Amino acid sequence: MKFHVKRIILWFNNETEPRVLTFLPDKINVITGGSGTGKTSILSIFDYCMLSTNANIPMEMINENVSWYGMDFKINDKDFFLARRSPVSHIGSDEVYFSSDGTFPDKLAKNNDIKQVKSIFEKEFGIDETLRIPFGGKFISAGSKISYRYFFLFNTLSEDTIAHTKIFFDYHLYDAEKYIEALDRIFYLALGVDDVENVLVKEKVDSLEKELIKIEKRKKALSKDEKLFAREIIRLINKAQEYDLIERRLFTIDEGRQRLKELVNQFRTATYSNNMQQVDELNKQKRTIFRQIRSLERFNIEYDNYKKNLSGDYESLRPITYLNENFGALIPTLEVRSFLTSLEESLKTIRDEIAKKKPISANVKSEVNALKNKIIEIDSQLATLPTTTKDYTDEAQKFIFIGELKTQLAFYEDKWEQEIDGANEQDLLEEIETLKKKLQSNNEQRRLIISDLEELIQHYFNSVGDVMGVYENYKVLVDVSEKVLKLRKGKELRGQNTIGSKSNYMFLHLFLFLGMHEHFVGLNRSYVPQFLILDQPSQPYYEGNKETDNAEIATDDDKIKLQAAFKLLNDFISKMVTDCKTEFQIIMLEHAPESYWLENGLTNFHLVEEFRNGNALIPDYAAKPLKAKDEGQSEKGGPNEDR
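The model shown is predicted, which means the values in this text are computed figures rather than measured ones.

Notes on the overall build of the protein
For step 1, the next point in the chain: The helix and strand tally for the protein stands at 15 helices and 12 strands.
For step 2, the next point in the chain: Across the protein, every contact between residues at least 6 apart in sequence was considered, and the portion connecting residues at least 24 apart equals 68%.
For step 3, the next point in the chain: Here the protein displays about 34300 Å² of accessible surface, and carbon together with sulfur accounts for 49% of that area.

If you want it as structure tokens, here you go:
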């Protein structure tokens, strides 16, 4: 897939002239300079303009001065321009200006939706609705579309990765764990081994095999439960026989289980034994009689209290008779006469009531005695039944055992009924076998593709001569599972785990990526853009010199190795343009000076800019002035006061 960057443009907060960096196709476009000049941020700006969710652009000096980041580029011979407002707190802005003809206005403003722009990019990358993840992992959801951004893993080698001993892809530039998972899903797709259908089939096989593992674990658990269940059945049979609830004979596990179920069902509708029924009935009668006795005794007490209260009222009213008989000695008024008459009538009523009351204490006592005699009779009957003997205890224990038996059978049979459906397991096995047959024919193709890729990589490995030192005659090995390039000795099948210096690892990264890209351009259809961003291949050769404008490497041997790496890149561009008849662009962010490629006549190198002697990504005219106190000025003002 053809792709190259034409310009990266920065618009500043102070609205001064934008910063423009121009890149050429079919060239190694170099931005060289010292540390802290902003050259490494070009990689982050590219990622941001390709619509990353988050931004890795440094806030200090760069993002604090930039209002918009823009990129003018071509995809498949079509011109595009995208500008994006600067991020806030490393969160990407949703304000984008996008044009499909490469033009843009003097004043930038949002004119499109990020989702819509991404759909345009997906179309150019050849990603349609069918290219989805049907079975998700820990970080990628099932049904999610394969993002065009996943393929940028094949386009960048950052400073942290380019000489790493174990990591060959820039996961850390993105969402690391998600992109590690993504690379596993798109690796063969990118290499052209798998088409969309094969990717989906492989995911389906992985999912079904995981389901089979769950079934095997379940079968082992059920096997263990079955042994426990068998031991429990034997115990319950023995106990039922001790209570004479079932016949005394040998039972198989299945027979015993069935017999115990019958026992529970029989007891579910059975009545109590006659003895137990009689005991319950007699005890109920006793409780009823005791309640009657307590009620009669309470009544007798209340009746005695009532009579005492009534007699007291009568005695208190007896003087009224005397007063009535001697009314003339009182104050002879109508009111007094009426009051006395009323009291005398009350006294007469109480006297009549007392006269009516017949003594009932004797009747109550007689009734209580009769009830107590009934209790004695009931106790006599209970004495003939198994209420306090072992027989009664055994009888109760039988019912307790039936409850235990019912619970135990329910507990174990719930698990028993969860047995694995053998037909379902067989269906899974057959489906996996069918899907694997589809993939089997593809496995040979995979092996051939990896072999061809290793052959391409071996060509670049051999081209650097003795730069690899003692490993000069080794063979390259693409470790697909680890996504790394290794070296193996002679006919050995396994690769070396370590190969010495960081210089060797830097070359391995270049060999792998150049070989993969030569492979990509040979495909009828590729999802991977034809460009590379390399951040400081010279990293292994500088020992602190990057902090100064002295760009010389300390030793001649290291300089020779770096120039060999530059020649490798130069030859690669020539091969793409001349032999492969296609375009390819490399953007290289470097510390080494221009002389390192000029003195060797590397004509495919193009110096974009040199960030030295005060020149940097953010020029002085656009930089936010330092606060006065930082320059020794008073905080109230001065020529460098913070705006």
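Observations concerning the packing of aromatic side chains
For step 1, the next point in the chain: Evaluation of the coordinates by the stated rule reveals 36 aromatic pairs.
For step 2, the next point in the chain: Plain terms: the ring middles of Phe73 and Phe121 are 5.9 Å apart, the flat faces sit at 65° to each other, and that makes the pair edge-to-face. In this pair, Phe73 is assigned in strand β4 (residues 66-75) and Phe121 in helix α3 (residues 114-125), connecting sequence segments 48 residues apart.
For step 3, the next point in the chain: Residue Phe73 is classed as buried on the basis of its relative accessible area, which comes to 0%.

So, helix α13 (residues 502-521)
In an α-helix, one full turn covers 3.6 residues, which means residues spaced three or four apart are oriented alike.
For step 1, the next point in the chain: With 20 residues, α13 extends 29 Å from end C-alpha to end C-alpha; this agrees with the ideal 28 Å at 1.5 Å per step.
For step 2, the next point in the chain: Where burial is concerned, most of α13 is hidden: 19 out of the 20 residues are buried.

Considerations on the pattern of salt bridges
For step 1, the next point in the chain: In this structure the tally under the stated criterion is 23 salt bridges.
For step 2, the next point in the chain: With its nearest N and O atoms 4.0 Å apart, the salt bridge here joins Lys2 to Asp77. One end of the pair, Lys2, is in the segment before β1 (3-12); the other, Asp77, is in the loop between β4 and β5 (78-85), and 75 residues separate them in sequence.
For step 3, the next point in the chain: Between Glu610 and Arg612 there is a salt bridge, with the nearest N and O atoms lying 3.0 Å from each other.
For step 4, the next point in the chain: With a relative accessible area of 8%, Arg612 lands in the buried category.
For step 5, the next point in the chain: Connected through salt bridges with shared partners, the residues Lys6, Arg7, Asp72, Lys74 and Asp79 form a single ionic network.

A closer look at the nonpolar core
For step 1, the next point in the chain: Counting 128 residues, the largest nonpolar core has Phe121, Phe154, Phe169, Phe507 and Phe511 as its most contacted members.
For step 2, the next point in the chain: No other element matches the 12 residues that α13 contributes to this core.
For step 3, the next point in the chain: Ignoring anything within four residues of it in the chain, the contact list for Phe154 reads Phe169, Leu183, Ile186, Phe187, Ala190, Phe513, Met516, His517, Phe520, Val528 and Leu532.
For step 4, the next point in the chain: One finds Leu236, Ala240, Ile402 and Leu405 within the second-largest nonpolar core, a separate group that totals 16 residues.

Observations concerning the sheet that holds strand β7 (residues 156-157)
For step 1, the next point in the chain: Spatially, 5 strands are ordered β7-β10-β11-β3-β12 in an open sheet, and the strand pairing comes out parallel. Strands with a single pairing partner mark the edges of an open sheet, and in this sheet they are β7 and β12 (605-611).
For step 2, the next point in the chain: Pairing of β7 with strand β10 (residues 531-535) involves 2 bridges; the strand directions are parallel. Among the inter-strand pairings, Leu157 is bridged to a residue of β10, identified as Leu534.
For step 3, the next point in the chain: Packing against the sheet, α13 makes contact with β7 and β10, and its axis sits at approximately 170° to β10.

Overview of the packing of α13 against helix α14 (residues 556-579)
Between two packed helices, both the angle of their axes relative to each other and the distance between the axes serve to describe the pair.
For step 1, the next point in the chain: Closest axis-to-axis distance for the α13/α14 pair is 11 Å, and the angle between their directions is 0°. As the angle between them shows, α13 and α14 are arranged roughly parallel. For the pair α13 and α14, contact is made by Ser503, Met506, Phe507, Leu510, Phe511, Leu514, His517, Glu518 and Val521 and by Lys561, Ala564, Ala565, Leu568, Leu569, Phe572, Lys575 and Met576, respectively.
For step 2, the next point in the chain: Here the residues of the contact of α13 with α14 sort into 12 nonpolar, 2 polar and 3 charged.

Re the environment of Arg525
For step 1, the next point in the chain: Mapped onto the elements of the fold, Arg525 is located in the loop between α13 and β10.
For step 2, the next point in the chain: Distance in space between the C-alpha atoms of Arg525 and Phe125 is 9.7 Å, their sequence separation being 400 residues.
For step 3, the next point in the chain: Here Gly126 takes part through its backbone oxygen, which lies 2.5 Å from a polar atom of the side chain of Arg525.

Thoughts on the sheet that holds β1
For step 1, the next point in the chain: Strand order across the open sheet formed by 5 strands is β2-β1-β4-β5-β6, with antiparallel pairing between neighbours. In the strand order of this sheet, the two ends are held by β2 (19-22) and β6 (96-99), each with one partner. Taking each pair of neighbouring strands and ignoring which way they run, the sheet shows an average axis angle of 15°.
For step 2, the next point in the chain: Set on the sheet, helix α1 (residues 41-49) makes contact with β1, β2, β4 and β5; between it and β4 the angle comes to about 75°.

Overview of the pairing of strand β11 (residues 585-590)
For step 1, the next point in the chain: With respect to burial, β11 is a largely interior element, 6 of its 6 residues being buried.
For step 2, the next point in the chain: Across 5 bridges, the pairing between β10 and β11 is parallel. The partner of Phe531 across the bridge, within β11, is Gln585.

So, how was this worked out
Residues numbered from 1 in each chain as written. Predicted model: local features only at pLDDT ≥ 70, side-chain atom pairs only at ≥ 80, totals over all residues. Heavy atoms only, no water. Helix = DSSP H or I, 4+ residues; strand = E, 2+ residues; numbered from the N terminus. Contact = heavy atoms within 4.5 Å. Areas by Shrake-Rupley, 256 points an atom, 1.4 Å probe, with all protein chains shown as cover. Phe/Tyr/Trp six-rings, centres within 6.5 Å; stacked < 30°, edge-to-face > 60°. Buried < 20%, exposed > 50% of the residue type's maximum accessible area, 1.4 Å probe, protein only. Expected span 1.5 Å × (residues − 1). Salt bridge = Lys/Arg side-chain N within 4 Å of Asp/Glu carboxyl O. Core = buried A, V, L, I, M, F, W, Y, C linked by side-chain atoms within 4.5 Å. Pairing = 2+ DSSP bridges. Axes fitted to C-alpha atoms, helices over the stretch in contact; angles between N-to-C directions. Parallel < 35°, antiparallel > 145°, perpendicular 65-115°, else oblique. Nonpolar A, V, L, I, M, F, W, Y, C, P; charged D, E, K, R; others polar. Polar contact = N/O pair within 3.5 Å; in protein donor to acceptor, adjacent residues only side chain to side chain.

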